[in-house]
Amino acid sequence: MKIKEYLKDNLIFLDGGMGTLLQANGLRAGELPERWNKTYPEVITAIHKAYFDAGSNVVSTNTFGANSLKFSDDELEEIIKCAAQNAKKAKEQSVGAKEKWIALDIGPTGRMLKPYGDFDFEDAVKVFSKTVNLGVKYGVDLVFIETMNDSYETKAAVLAVKENCDLPVFVSNAYGEDGTLMTGANPKAMVAMLEGLGVDAIGVNCSFGPKKLAPVVEEYLKYSSIPVLLEPNAGLPKVVDGKTVYDVLPEEFSSDVSALIKNGVRIAGGCCGTTPDYIKALVEKTKGQAPVQIEKKNFSMVSSYTHAVEFDAKPILIGERINPTGKKKFKEALKANDIDYILKEGVSQQEKGVHILDVNVGLPEIDETKMLTTAVKELQAIIDLPLQIDTSNILAMEKALRVYNGKAMVNSVNGKKESMEAVFPLVKKYGGLVVCLTLDENGIPEKAEDRLNIAKKILAKANEYGIDKKDLIFDPLALTISADKNAGVETLKAVKLIKEKLGANTSLGVSNVSFGLPERDIINGNFFTLALYNGLSAGIVNPYSNEIMKAYHAFRAINGLDNNFEKYIKFTENLPRQTTVAVDTTTKTTDSGEYKSELQKAIIKGLKEQASAITKELLLTEKPLDIVQNEIIPALNIVGVGFENKTVYLPQLLMSAEASKSAFERIKESMSDGKTANKCAFVIATVKGDIHDIGKNIVKLLLENYGFNVCDLGRDVSPETVAEKTIELKAPIVGLSALMTTTVPAIEQTIKLLREKAPWCKIVVGGAVLNKEYADMIGADKYAKDAMETVRYAEEINNSL
């Protein structure tokens, strides 16, 4: 039986941990576990068989880190071939009577994707594709993408699977203590993106035990229309009699996971610290337990790399200003490839309170495909709002959807056959909430009823492509009343009909209604109010318009959508301090701002080019080190505190660091020695056997911006190399990182050697598999849970020298 068929009416049990069992069988510190598929196939086969015998339906091949970044093409093929053979042999030998399948296990590459790292998105797709193709070649039954802590890398892996095979794909992400991925995505955002990409099951693994992961799992169950999976750790590691053990035993583990299965989890297994005993206990605990029926959810959502925006009772504001229509300055910026102009416009609209940014760069004189993909990549690097990709160019639409980090809004499709046949396949592949214009080969109907009929036609065609109504939002088109006095009435009527007859969401480009009339904002604000009361879900609006924002905040206040009238009161408090300035054909409002200086704002918002330009101007009147101390460091501290308080996410922290780096480059140019590092040396490395250097690179970037002299030894670094460099530099601080359980012993070995060879240095450790208790046990001076905590600790050490 195919696994997707079996999944419809049955629970599926996965296997448990692999790394800890390999260590128990003699895997040495720094040794690559994937090579055991070749060198110790009997050990790998025995582990797989033990899981099958315990009741696992699915075992994952020992290929978590098997990719072309770590192995040559020939060795990679041999590893995956042997891994598949070992799993097949275990399946044949197993005495278990349950249905059995073999999953190709794919973990993260260990590289940070651009713009936060140096690894290109398409290169990540290629790396995953090689692994997928080999798994298919050697006969796996499905692909399991797991332990992903970045939404963008998750998308790259999913596309690699989808574009190279038709096997089922399960996807599991690893969440931190705050309930988000390392790069900021919350569960709702991941559900939106992964359902849009068409995967077969989604869920959570690693990080913590089942109790601590329960809130994240409940979010998945609330929003997901597809099966939810769970693979928790056996709690957290601790040391007992000199050995590493986990604090959740099989009985407690099985009880906790069983409770979540009763709440709707359909696929369950274990991660770090779990063994066949855990799976056996879970299978026995759930014996006779019927799976909870998976229900189709009707949440209309788009998402960014941090969060989802849901279209429900609360009206959604879509900022219209990234669009060249009627905007001379914007057109000139596009021709000049002035991306910074686009970024500032996006930041400004975000500050005005829009929920989504429309991105339209269509201009005959430029390469729209190139400009749109660049704009999408640059905007999502510094702004956490979902984007609406607005283009009639199908190639540009596809390229932009491909590089978008989340589930985009797509503007647009219409009732013409050629439009639907071009747009819907893209939405089916990449996901998206599609704006559906109620026009067809006959143009825009005059009457609301005819626009409703086109909406019905679009809905029927979307269903043929497997696109649900929740992923469509209908735009009945606001026509100018100066040309037809009844145009506004018919549009409002169409909004109401689509809402009532189809139960679908609607949007409008609000300002179109007033074209050709004086004092357009008066018309726009009143039309927006009437549209909202007729059921409008979202307005594409000018957020600088007081009349539009008055209508929005008043509607929310009157309809009980603004708790304690907080947003309404804040909006009205700002009104007296506002002045208006002309912006093209509309009105833009500005306020005094919340930043001490323009340079601090540029750094906080991650505007690299602007930070560089402002610094260049400041250097004409201020001393270089004064700018560092009075402008750059305070701005970094603001972002750092926000990160520590969970109001700023990792990508924002990194882009702020990049903006400050561009300011530092200007300062270096102005100084005779070209140096700005004025603090102590800091040696940093990912330990032997571990090629995952994302965390290390983040720490390095921040330390450099705080003035530390960082010596980055890279990844897979031997204890001897770390010690030698520490002695050479007489470095007072060493930072060590590891992601995998199998490489934690290498940290301990490195610490022991440093204590012997460089006893003066302080050692700070970090990584997903570590905690304070474990760090204390292996002799580290400090466990840092994130990059900013490392910076704070380094500051303490530097100040004590």
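Rules of the game
Residues numbered from 1 in each chain as written. Predicted model: local features only at pLDDT ≥ 70, side-chain atom pairs only at ≥ 80, totals over all residues. Heavy atoms only, no water. Helix = DSSP H or I, 4+ residues; strand = E, 2+ residues; numbered from the N terminus. Contact = heavy atoms within 4.5 Å. Polar contact = N/O pair within 3.5 Å; in protein donor to acceptor, adjacent residues only side chain to side chain. 1 Å grid on protein atoms, 1.4 Å probe; cavity = no way out; pocket = protein on both sides within 12 Å on 5 of 7 lines; lining within 4 Å. Points joined across faces, edges and corners; volume = space filled by probe spheres on them. Nonpolar A, V, L, I, M, F, W, Y, C, P; charged D, E, K, R; others polar. Pairing = 2+ DSSP bridges. Axes fitted to C-alpha atoms, helices over the stretch in contact; angles between N-to-C directions. Salt bridge = Lys/Arg side-chain N within 4 Å of Asp/Glu carboxyl O. Buried < 20%, exposed > 50% of the residue type's maximum accessible area, 1.4 Å probe, protein only. Parallel < 35°, antiparallel > 145°, perpendicular 65-115°, else oblique. Left-handed = near helix turned anticlockwise from the far one by under 90°. Phe/Tyr/Trp six-rings, centres within 6.5 Å; stacked < 30°, edge-to-face > 60°.

### Overview of the environment of Tyr-783
Okay, step 1: Along the chain, the position of Tyr-783 falls in strand S27 (residues 782–783).
Okay, step 2: Excluding residues that lie within four positions of it along the chain, Tyr-783 makes contacts with Val-765, Leu-770, Asn-771, Lys-772, Ala-775 and Glu-789.
Okay, step 3: A distance of 3.3 Å separates the side chain of Tyr-783 from the backbone oxygen of Leu-770, its partner in a polar contact.

### Topic: empty space enclosed by the protein
Gaps left between atoms are located by rolling a probe of water-molecule size over the structure's atoms.
Okay, step 1: Per the stated rule, a full pass over the model turns up 4 cavities of 30 Å³ or more.
Okay, step 2: Taken together, 11 residues line the largest cavity, and the ones lying closest to its centre are Glu-320, Ser-511, Asp-521, Asn-524 and Asn-542.
Okay, step 3: When residues of the lining of the largest cavity are traced back to their parent elements, those giving at least two are helix H19 (520–533) and strand S20 (538–541).
Okay, step 4: Of the residues assigned to the lining of the largest cavity, the class counts are 4 nonpolar, 5 polar and 2 charged.

### Details of the sheet that holds strand S4 (residues 142–148)
Okay, step 1: Strand order in the open sheet made by the 8 strands is S1-S10-S7-S6-S5-S4-S3-S2, with parallel pairing throughout. Single-partner strands in this sheet number two, and they are strand S1 (12–13) and strand S2 (58–60).
Okay, step 2: Across 3 bridges, S2 lies against strand S3 (residues 101–106) in parallel orientation. Bridging across to S3, Ser-60 finds its partner in Ala-103.
Okay, step 3: Against the sheet, helix H9 (residues 210–223) engages strand S5 (169–173), strand S6 (201–205) and strand S7 (228–231), with an angle of about 170° to S6.

### With respect to the pattern of salt bridges
Okay, step 1: For the structure on display, the rule yields 46 salt bridges.
Okay, step 2: Notably, a salt bridge pairs Lys-757 with Glu-756, separated by 3.8 Å at the nearest N-O pair.
Okay, step 3: Note on Lys-757: relative accessible area 43%, which makes it partly exposed.
Okay, step 4: The salt bridge partner of Glu-789 is Lys-785, with a shortest N-O separation of 3.2 Å.
Okay, step 5: The exposure class assigned to Glu-789 is buried, which follows from its relative accessible area of 18%.
Okay, step 6: The class for Lys-785 is exposed, based on a relative accessible area of 53%.

### Structural notes on the packing of helix H4 (residues 41–54) against helix H11 (residues 276–285)
Okay, step 1: The geometry of H4 relative to H11 is characterised by a closest axis approach of 8 Å and an angle of 15° between their N-to-C directions. Classified by the interaxial angle, the pair formed by H4 and H11 is roughly parallel. Regarding H4 and H11, the two cross each other, and that crossing is right-handed. Contacts between H4 and H11 pair Ala-50, Tyr-51 and Ala-54 from the former with Pro-276, Ile-279, Lys-280 and Val-283 from the latter.

### Points about the packing of aromatic side chains
Okay, step 1: Inspection of the entire model under this criterion finds 9 aromatic pairs.
Okay, step 2: Seen from their ring centres, Phe-121 and Tyr-152 are 4.6 Å apart, and the 25° between their planes marks the pair as stacked. Pair noted here: Phe-121 is in helix H6 (residues 121–137) and Tyr-152 is in helix H7 (residues 151–162), with a separation of 31 residues, a long-range link.
Okay, step 3: Assessed through its relative accessible area of 6%, Tyr-152 is described here as buried.
Okay, step 4: Between Phe-330 and Tyr-341, the aromatic rings sit 5.9 Å apart at their centres with planes inclined by 75°, giving edge-to-face as the arrangement. Here the residue Phe-330 occupies a position in helix H12 (residues 328–335), and Tyr-341 occupies one in helix H13 (residues 339–351), the gap between them amounting to 11 residues.
Okay, step 5: Since its relative accessible area comes to 1%, Phe-330 is described here as buried.
Okay, step 6: Of the residues examined, Tyr-341 reaches a relative accessible area of 25% and is grouped as partly exposed.

### What to know about the environment of Glu-219
Okay, step 1: For Glu-219, the position within the fold is in helix H9.
Okay, step 2: Of the residues examined, Glu-219 reaches a relative accessible area of 30% and is grouped as partly exposed.
Okay, step 3: In the structure, Glu-219 is positioned 40 residues away from Gly-179 in sequence and 9.9 Å away in space, judged by C-alpha atoms.

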